[in-house]
Amino acid sequence: ARYRRRLTDDLHELDRAPGAMTITDVVDVMKALVPRDATLVADAGFSKPIIAHLWPSARPNSFVASHAFGTMGHALPTAIALKLARPERFVVATMGDGSLLMRVGELRTAADVGAAIIAVAFLDGAYTQISVKQERRGIQRVGVDLPELSASAIGPAMGCVGYDAATATQLS
């Protein structure tokens, strides 16, 4: 318990970005607003290990993530399938903007089949893990920058509601 508390404190401290909302901020808001017995699906990326540690799973199989090769883009279709299998459950999918772009059409599928999920996307404008690997290896930054996205534009285009939030207050 002490180790877990210390790691949680360290994650909050390390994940600080002045003037920006961080992954730990988002998890704190979700913990305050999302029902305790919700199912959370974490996509591949930098956010997954942070969310895996900070998310308080209340029951078995309430935290779902791709392991091994860490498949990008699995969160949306996985969350939709989980919601269809258990419509009474509250389901949240978290992902980066790269994964969102890979599966944006799945939002239309969710709307069409009535799978009311919450999708939270961390929009940093890049395939960040890939860009970090390029940087560490001294490789020129190529193919990792993404366009600026807006959930408030993407959501309605796919038959959903979308919100952009730059602060924890806006997110809640």
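Residues numbered from 1 in each chain as written. Predicted model: local features only at pLDDT ≥ 70, side-chain atom pairs only at ≥ 80, totals over all residues. Heavy atoms only, no water.

K.L.:
What is the right way to read the sheet that holds strand 1 (residues 39-42) from this model?
P.N.:
Sheet strands pair via backbone hydrogen bonds, and the direction of the pair is either parallel or antiparallel. One open sheet holds the 4 strands; their spatial order is 2-1-3-4, and the pairing between them is parallel. One side of each edge strand has no neighbouring strand; the edge strands of this open sheet are strand 2 (63-65) and strand 4 (118-122). This sheet shows a mean twist of 20° between the axes of neighbouring strands, independent of strand direction. Note that strand 1 and strand 2 share 3 bridges and pair parallel. Within strand 2, the position partnered with Leu-40 by the bridge is Phe-63. Set on the sheet, helix 3 (residues 47-54) makes contact with strand 1, strand 2, strand 3 (91-96) and strand 4; between it and strand 2 the angle comes to about 160°. (Pairing = 2+ DSSP bridges. Helix = DSSP H or I, 4+ residues; strand = E, 2+ residues; numbered from the N terminus. Axes fitted to C-alpha atoms, helices over the stretch in contact; angles between N-to-C directions. Contact = heavy atoms within 4.5 Å.)

K.L.:
Looking at this structure, I do not really get helix 2 (residues 23-33). What am I missing?
P.N.:
Within helix 2 the residues assigned to the buried category are Ile-23, Thr-24, Asp-25, Val-26, Val-27, Val-29 and Met-30. Looking at the buried positions of helix 2, the neighbouring elements they touch are helix 1 (2-14), strand 1, helix 3, strand 3, strand 4 and helix 9 (168-171). (Buried < 20%, exposed > 50% of the residue type's maximum accessible area, 1.4 Å probe, protein only.)

K.L.:
How should the packing of helix 1 against helix 3 be read in this particular structure?
P.N.:
A pair of packed helices can be characterised by two numbers: the angle between their axes and the separation between those axes. Contact geometry for helix 1 and helix 3: axes closest at 10 Å, N-to-C directions at 140°. The angle between helix 1 and helix 3 places the two elements in the oblique class. As for how helix 1 packs across helix 3, the hand of that crossing is left-handed. Residues Arg-4, Leu-7, Thr-8, Leu-11 and His-12 of helix 1 form the contact with helix 3, whose own contacting residues are Ile-50, His-53 and Leu-54. Grouping the amino acids of the contact of helix 1 with helix 3 by side-chain chemistry returns 4 nonpolar, 3 polar and 1 charged. (Parallel < 35°, antiparallel > 145°, perpendicular 65-115°, else oblique. Left-handed = near helix turned anticlockwise from the far one by under 90°. Nonpolar A, V, L, I, M, F, W, Y, C, P; charged D, E, K, R; others polar.)

K.L.:
Can you walk me through the side chain of Ser-47 in this structure?
P.N.:
Mapped onto the elements, Ser-47 comes out in helix 3. Here Ser-47 falls in the buried class, since its relative accessible area comes to 6%. Excluding its chain neighbours within four sequence positions, the residues that come into contact with Ser-47 are Ile-23 and Phe-122.

Geometric descriptors of this kind do not, in isolation, establish any biological role.
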